[in-house]
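Notes for the structure review
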Amino acid sequence: MTNVFDRLTGQEAIADDLRAAARAARVLAHRLDAGATDGLFVPDDEIPGVDAGWSRASMTHSWLFTGPPGSGRSVAATCFAAALQCQSPDSSNVGCGECRACVTVMAKTHADVRHVVPEGLSLAVGAMRDIVQAAARRPGTGRWQIVIVEDADRLTEQAANALLKVVEEPPPRTVFLLCAPSVDPEDISVTLRSRCRHVALVSPSPADIERVLIERDGLDPEQAHWAASVCGGHIGRARRLATDPDARSQREKALSLARAASRDSTAYAAAEELVRSAEAAAKAISAELDEAETEEMKTALGAGGTGKGTARMPRGSAGALKELEKRQKSRATRVGRDVLDRALVDLAALFRDALVVGVGAKVTAMHPDKSDDISIPLAGYARPEQLLSCVEAVLDCREALDMNVKPKFAVDDMVARIGLALKRKVDA
Ligand SMILES: [Zn+2]
């Protein structure tokens, strides 16, 4: 049970495809080593473990992994990278999880696997050009030069164009693995998407998530069951909810807005509390990241240590630190936005639960633990049209935040609209 693909919970069919592709890639790499210059297609019968005629097994230089947040798209991309570099002599066990290549890829320290994570609000074109250039080099120890672009939807237009250029004519030894929420043109340009082989991950089921939390993380079964049922298919989120009281209280605050918004006396205080707690949560996350990073940079600049004369930093380091601060500030904004967005997704899901109850649909609730307290009473009190307006208000708020509207204004506006929708006297 050490193969890297074992960690793709609930995605067995995709794991099989990726394994087959990695085996095909291995055959192709041998051919390139032997001086082949012809096409990239490897006949199926040359790939061990793949039935003849199974054409999905050909090799592709650009891949697009899509799936909702938490479905594990970057994990899947990383596992695939490990399988591509895997040194196990047994090609039916690519991604063995035990060889040096597998271990270093999974630890994100393999010299020929680059992770690109847009840390600020978007990935700039300059950074992308550097990556593209580095990716064009021949691999060092690995079989391929691999670039994993996480959150490819956060590329700027110019950065996406720089990437497109190299994806259109990839160096023979380079593989690009892009990750994005969906193939919607908002997330990935149509041309870029058309150059990639698409891997669509699905959200794991609550039962799958529960099993991972118990078996892998050793969590209490009752806690695991609850977290899996309310996490919206997001394993990382389930783990946080099960282990972090702050995450649980943040969720309570978001969900309590559904009720608070219908009363003028409580609406704005609740909205303010939500924004404030999201800011505090984001600050805590960012501070932790910043501190480690700043220390690391100071050490790299030669200011580390406590010995005599080590306190003075070399010329130019102030500029580098300032640059780092700028990047950290941009990241803090993004973390804050992500935390608040998570809360809004929770809230929208709660109105959706009430709507489901109201129309009597046989669909699993997103917040089953709030059925008796909130969704069922809400469904008894508001008509489906009203609940739909509430969902819309929340989605519009997410969009406003995305357009850089100040969180306080966006959330206040949302609360006002939810209040109006719920109080509206529906014509009989
Ligand atoms: Zn391996």
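The numbering scheme is per chain: residues are counted from 1 as the chain's sequence reads. Note on the predicted model: pLDDT of at least 70 is required for a residue's local features to be given, and 80 or more for side-chain atom pairs to be given and counted; whole-chain, interface and lining totals, by contrast, use all residues. Side-chain measures were taken over the full set of non-hydrogen atoms in the model, leaving aside hydrogen atoms and water.

**With respect to the pairing of strand E1 (residues 62-66)**
Basically, it comes down to this: For every residue, the accessible area (1.4 Å probe, protein chains only) is compared with the maximum for its type, and the residue is labelled buried under 20%, exposed over 50%, or partly exposed between those bounds. Per the convention used, a helix needs a DSSP run of H or I reaching at least four residues, while a strand needs a run of E reaching at least two, with both numbered from the N terminus. What makes two strands pair is DSSP finding at least two bridges between them.
Burial analysis of E1 places five of its five residues in the buried class, which makes it a mostly covered element. A two-sided burial pattern is seen for E1, the buried positions comprising Ser62, Leu64 and Thr66 on one face and Trp63 and Phe65 on the other. Pairing of E1 with strand E4 (residues 174-180) involves five bridges; the strand directions are parallel. Within the sheet, the bridge partner assigned to leucine 64 lies in E4 and is leucine 178.

**Looking at the coordination of the zinc ion**
What counts, and what does not: Note on donors: an N, O or S atom is included if it sits within 2.8 Å of the metal, or within 3.2 Å for Na, K and Ca, and water is never included, so sites can look incomplete. Sites are called tetrahedral only when four donors show all angles between 85 and 135 degrees, square planar or octahedral only when four or six donors show opposite pairs over 155 degrees and all other angles between 65 and 115, and irregular in any remaining case.
Taken together, the protein donors to the zinc ion comprise Cys86 (SG), Cys96 (SG), Cys99 (SG) and Cys102 (SG), at separations of 2.3 to 2.4 Å. Here the zinc ion is ringed by four donor atoms whose angles at the metal span 106 to 117°, and the overall shape comes out tetrahedral. One chain supplies every donor for the zinc ion, spaced along it as C-x9-C-x2-C-x2-C. Cysteine 96 sits in the buried class, given a relative accessible area of 5%. The class for cysteine 99 is buried, based on a relative accessible area of 13%.

**Looking at the nonpolar core**
Heads up, the condition is: Only buried Ala, Val, Leu, Ile, Met, Phe, Trp, Tyr and Cys residues count toward a nonpolar core, and they belong to the same one when joined by side-chain atoms within 4.5 Å. Should any heavy atoms of two residues lie within 4.5 Å, those residues are counted as being in contact.
Counting residues in each nonpolar core, the largest one holds 41 residues, and the members touching the most others are Leu347, Phe351, Val394, Val411, Met414, Val415 and Ile418. Among the elements of the structure, helix H10 (245-260), helix H11 (264-300), helix H12 (317-359), helix H13 (371-381), helix H14 (384-402) and helix H15 (407-423) are those that each provide at least two residues to this core. Broken down by element, the residue count for this core peaks at 11 residues, all from H12. When sequence neighbours within four positions are dropped, the list of residues in contact with phenylalanine 351 reads Ala258, Leu378, Leu387, Cys390, Val391, Val394 and Ile418. Grouped together as the second largest cluster of nonpolar side chains are 37 residues, Phe65, Ala77, Val105 and Ile146 included.

**Brief notes about the UniProt feature "coiled-coil region" (unreviewed entry) in the protein chain**
For clarity, the cut-off: UniProt positions are given in the numbering used here, feature names are shortened, and annotations may be inferred rather than shown by experiment.
The UniProt record annotates "coiled-coil region" (unreviewed entry) at residues 268-295. Secondary structure within residues 268-295 divides into 100% helix and 0% strand; the distance between the first and last C-alpha atoms comes to 40 Å.

**Section: the environment of cysteine 196**
By the element assignment, cysteine 196 lies in the loop between helix H6 (190-194) and strand E5 (197-200). Residue class for cysteine 196 comes out buried when judged on its relative accessible area of 9%. Along the chain, cysteine 196 and valine 167 lie 29 residues apart, while their C-alpha atoms are 8.3 Å from each other. With near-sequence residues (within four places) excluded, cysteine 196 lies in contact with Ser62, Trp63, Leu64 and Leu178.

**Side note on the sheet that holds strand E2 (residues 113-116)**
Just so we agree on the cut-off: Structural elements are reduced to axes, namely lines fitted to C-alpha atoms, with helices fitted over the stretch in contact, and the angle between N-to-C directions of any two is expressed from 0 to 180 degrees.
Reading across the sheet, the five strands line up as E2-E3-E4-E1-E5 and stay open at both edges, with parallel pairing between neighbours. Two strands in the sheet have a free side with no partner beyond their single neighbour: E2 and E5. Across the sheet, the mean angle separating the axes of adjacent strands is 15° when strand polarity is ignored. Alignment of strand E3 (residues 145-149) against E4, held across five bridges, turns out to be parallel. Looking across to E4, one finds that valine 149 is bridged to leucine 178.

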